[in-house]
Amino acid sequence: MYYKQYGNTEYQVSAIGMGCMRYDETDVKAGDFNKCAEVALYAAEKGINYFDTAPFYCDDKSEIITGMALSQLPRDSYYVSSKTNMGTVGGQGTADDYRRRLETTLSRLKVDYLDFYHLWCILNLDSFKKQCDSLYSFFEKAKADGLIRNIVFSSHMQGNDLEEAVASDLFKGMLIGYNALNYRFRQTGIEAAYQKGMGVVVMNPLGGGLIPNNPKTFSYLAEGTDLTVPQAALNFVASHKEITITLAGCTTKSHIDDACKAVENLVERPARDIYEEYENKGVALNNLCTGCAYCKHCPKEIDIPKFMDAYNEKLLGNNLHDRLKYHWQIPAEMAAECIKCGKCENLCTQHLPIMERLSEIAG
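Predicted model only: the values in this text are computed from it and were never measured. (Residues numbered from 1 in each chain as written. Predicted model: local features only at pLDDT ≥ 70, side-chain atom pairs only at ≥ 80, totals over all residues. Heavy atoms only, no water.)

A look at helix α11 (residues 253-262)
Heads up, the condition is: Only protein chains enter the accessibility calculation, which uses a 1.4 Å probe; a residue whose area is less than 20% of its type maximum is buried, one above 50% is exposed, and one in between is partly exposed. Helix and strand assignments follow DSSP, with helices taken as H or I runs no shorter than four residues and strands as E runs no shorter than two, numbered in order from the N terminus. Working definition: the arc comes from the directions between the helix axis and the C-beta atoms, pointing outward to the latter. Should any heavy atoms of two residues lie within 4.5 Å, those residues are considered in contact.
Within α11 the residues assigned to the buried category are I256, A259, C260 and A262. The buried residues of α11 occupy an angular sector of 150 degrees when projected down its axis, which confines them to one face. Elements in contact with the buried residues of α11: β3 (16-19), α2 (33-45), α10 (229-238) and β10 (245-249).

Observations concerning the nonpolar core
For the record, the criterion: By nonpolar core is meant a set of buried Ala, Val, Leu, Ile, Met, Phe, Trp, Tyr and Cys residues that side-chain atoms within 4.5 Å join together.
In terms of nonpolar packing, the biggest core is built from 88 residues, with M18, M174 and L221 touching the most fellow members. Here the element with the most residues in this core is α2; it accounts for eight residues. Filtering out sequence-adjacent residues up to four positions away, M174 remains in contact with Y6, F153, L162, V166, G189, I190, A193, M198, G199, V200 and V201. Counting 22 residues, the second largest nonpolar core, distinct from the first, contains C295, Y311, L352 and I361.

Some words on the packing of aromatic side chains
Here is the rule: Only centres within 6.5 Å qualify two rings of Phe, Tyr or Trp (six-membered ring in Trp) as a pair; their planes then separate them into stacked at under 30 degrees, edge-to-face at over 60, and tilted for everything else. Whether a charge sits over a ring depends on NZ of Lys or CZ of Arg being within 6 Å of the ring centre and within 35 degrees of the ring normal.
A complete count under the given rule lists 17 aromatic pairs for this structure. Judged by centre distance (5.3 Å) and plane angle (45 degrees), the rings of Y117 and F139 are tilted. Highlighted residues: Y117 in strand β6 (residues 114-122) and F139 in helix α6 (residues 125-144), separated in sequence by 22 residues. Like Y117, the residue F139 is buried in the burial classification. Clustering of aromatic rings is evident, with ring pairs tying together Y183, F218, Y220, F236, Y275 and Y278. In this arrangement the basic side chain of R75 is found over the ring face of Y113, its NZ or CZ atom lying 4.1 Å from the centre. For the cation-ring pair, R149 lies above Y113, with the distance from its terminal atom to the ring centre recorded as 3.7 Å.

Describing the pattern of salt bridges
Quick note on the threshold: Counted as salt bridges are all cases of a side-chain nitrogen of Lys or Arg within 4 Å of a carboxyl oxygen of Asp or Glu.
Evaluation of the coordinates by the stated rule reveals 20 salt bridges. One salt bridge connects D60 with R108, and the closest N-O pair in it is separated by 2.9 Å. One end of the pair, D60, is in helix α3 (residues 57-60); the other, R108, is in helix α5 (residues 95-109), and 48 residues separate them in sequence. Linking R108 and E63 is a salt bridge whose minimum nitrogen-to-oxygen distance equals 3.2 Å. Residue R108 is found in helix α5, and its partner E63 is found in helix α4 (residues 62-70); the two are separated by 45 residues along the sequence. E63 carries the same exposure label as R108, and that label is buried. Each of the salt bridges in this network shares a partner with another, and the network as a whole consists of R99, E103, K141 and D145.

Notes on the packing of α2 against α11
So the rule is basically this: For every element, the axis is a line fit to its C-alpha atoms; helices are fit only across the contacting stretch, and the angle between N-to-C directions ranges from 0 to 180 degrees. For this classification, under 35 degrees means roughly parallel, over 145 means roughly antiparallel, 65 to 115 means roughly perpendicular, and everything else is oblique. In this scheme, a crossing is called left-handed if the near helix is turned counterclockwise away from the far one by less than a right angle; it is called right-handed if the turn is clockwise. Three classes are used: nonpolar for Ala, Val, Leu, Ile, Met, Phe, Trp, Tyr, Cys and Pro, charged for Asp, Glu, Lys and Arg, and polar for all others, with Gly counted as polar.
Interaxial distance between α2 and α11 falls to 9 Å at its minimum, and their mutual angle equals 25 degrees. When the interaxial angle is binned, α2 and α11 end up roughly parallel. With respect to the hand of their crossing, α2 and α11 are arranged in right-handed fashion. Listed contacts from α11 to E38, V39, Y42 and A43 of α2 are K253, I256 and D257. Its residues assigned to classes, the contact of α2 with α11 comprises four nonpolar, no polar and three charged.

A short note on the sheet that holds β3
To keep it simple, the criterion reads: Strand pairing follows a simple DSSP-based rule, namely that at least 2 bridges must link the two strands.
With respect to topology, eight strands assemble into a closed barrel ordered β3-β4-β5-β6-β7-β8-β9-β10, the strand pairing being parallel. In this sheet, adjacent strand axes meet at a mean angle of 30 degrees when their direction is disregarded. Here strand β7 (residues 148-155) pairs with strand β8 (residues 173-177) via four bridges, running parallel. Residue V152 lies in a different strand from β8, and its bridge partner there is G173.

What to know about the environment of D145
Using the following cut-off: Here a polar contact means two N or O atoms within 3.5 Å. Within protein one must be a hydrogen donor candidate and the other an acceptor candidate, and residues neighboring in sequence count only if both atoms are side-chain atoms.
You can see D145 is positioned in the loop between α6 and β7. Only 2.8 Å separates the side chain of D145 from the side chain of R99, close enough to count as a polar contact.

Some thoughts on the layout of surface pockets
Note the cut-off: The way it works is a 1 Å grid over only the protein atoms, where trapped points that fit a 1.4 Å probe form a cavity and open points with protein on both sides within 12 Å along at least five of seven lines form a pocket, and then any residue with an atom within 4 Å of a point lines it. Grid points are joined across faces, edges and corners, and a volume is the space filled by probe spheres set on the points.
When its volume is computed, the second largest pocket comes out at roughly 370 Å³. Lining the second largest pocket are 21 residues; nearest its centre among them are L221, T225, L227, N235 and Y278. Counting only elements with at least two residues in the lining of the second largest pocket, the list comes to α10, α11 and α12 (271-278). Across the lining of the second largest pocket, the residue classes break down as 10 nonpolar, four polar and seven charged.

So, α12
Among the residues of α12, those classed as buried are A271, I274 and Y278. The buried residues of α12 occupy an angular sector of 60 degrees when the element is viewed end-on, so they sit on one face. The elements touched by buried residues of α12 are α8 (183-195) and α10.

Thoughts on the pairing of strand β5 (residues 79-84)
Under the convention used in this document: A right-handed crossover is one whose linking path, passing over the helix from the first strand to the second, runs clockwise when the strands point away from the viewer.
Among the six residues that make up β5, six are buried, leaving the element largely enclosed by the rest of the structure. Of the two faces of β5, both are covered, the one formed by Y79, S81 and K83 as well as the one formed by V80, S82 and T84. Summarising the sheet, strand β4 (residues 50-52) and β5 pair through three bridges and their orientation is parallel. Along β5, the bridge assignment pairs F51 with V80. Of the strand pairs in this sheet, β5 and β6 are connected by four bridges, and their pairing is parallel. Opposite T84, over in β6, you have L119 as the bridge partner. In this fold, the crossover linking β5 to β6 by way of α5 has right-handed handedness.

Have a look at this one:
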């Protein structure tokens with residue numbers, strides 16, 4: 001395993017971290033948590049020492065499963081992160097509400113402290129300010145009490161907005177979506193964080209599955225290597241000097257093996273050099289849906305993530321209606337049931353024009 005220094009801390013963290021939101025769905029629903037925990041333990045065997053979890057992942061079982069695994073390891077052999085925001089306590093919470101939320105997380109993970117605690121899912125600068133105003137003093141108190149070591153944030157903002165968040169000097173690191181599709185739109189943010197001495201952790205390095213599901217489109221990533229396209233996509237992210245950890249969501253031990261192979265003999269380069277190499281290669285689409293499914297709360301019960309997945313096919317030059325008919329087996333006409341309430345767009349971490357796309361699909 002290849003290791004990097006986390007920002008200006010003394011932590012040596014694995015270039016690949018385990019994203020703990022992909023435990024096997026069947027095993028989770030069956031209550032076979034030990035089987036899921038074996039995957040995290042295998043990751044530790046392979047040298048991965050950073051584990052990222054959160055409330056509500058995997059039917060709200062991710063922290064429990066991750067704790068079952070990590071409690072079998074020496075506490076100084078790994079770093080664990082979790083997350084909170086106003087939504088985790090039902091809206092505008094009190095310091096006591098956030099404290100109970102944190103204590104639940106610690107209990108589930110079977111630890112006395114978190115190495116990293118994220119101010120979770122910041123969508124824009126207004127959200128950043130609102131969440132900081134509500135929670136930051138709680139974070140400081142929890143750190144003073146020894147319950148968390150580092151205050152960090154996770155965000156879906158673009159580069160310029162990320163720069164402003166970084167400039168606040170409130171955080172030791174950040175977690176952002178970054179991959180071969182959107183790197184042009186986030187690059188200034190990671191450069192600013194690196195220059196500030198912050199750690200940078202990346203989620204969605206495979207573009208929510210878009211990259212491995214379209215291997216011909218992204219074959220340029222693997223040119224001149226012995227890597228598969230998914231492995232090359234992980235390597236693309238991890239090779240950035242400014243990026244500390246690339247999270248891989250792993251369901252099986254083979255996923256762990258693939259992720260580890262991606263950083264064998266890793267060569268780090270500045271983001272600017274990578275930008276110049278890939279500037280005229282592949283596609284640069286920040287308007288592809290990454291499939292996070294946060295929008296799946298439609299009052300008309302439209303399965304929006306599936307329709308947005310189909311729309312991705314159009315953006316990639318394929319037939320969206322074939323995707324709906326043969327893959328998802330849902331009629332395009334269902335999109336016409338949209339009442340344009342805007343709930344989905346308010347929830348979308350990428351600020352996509354979902355209602356417009358549904359209308360186009362229905363038409």
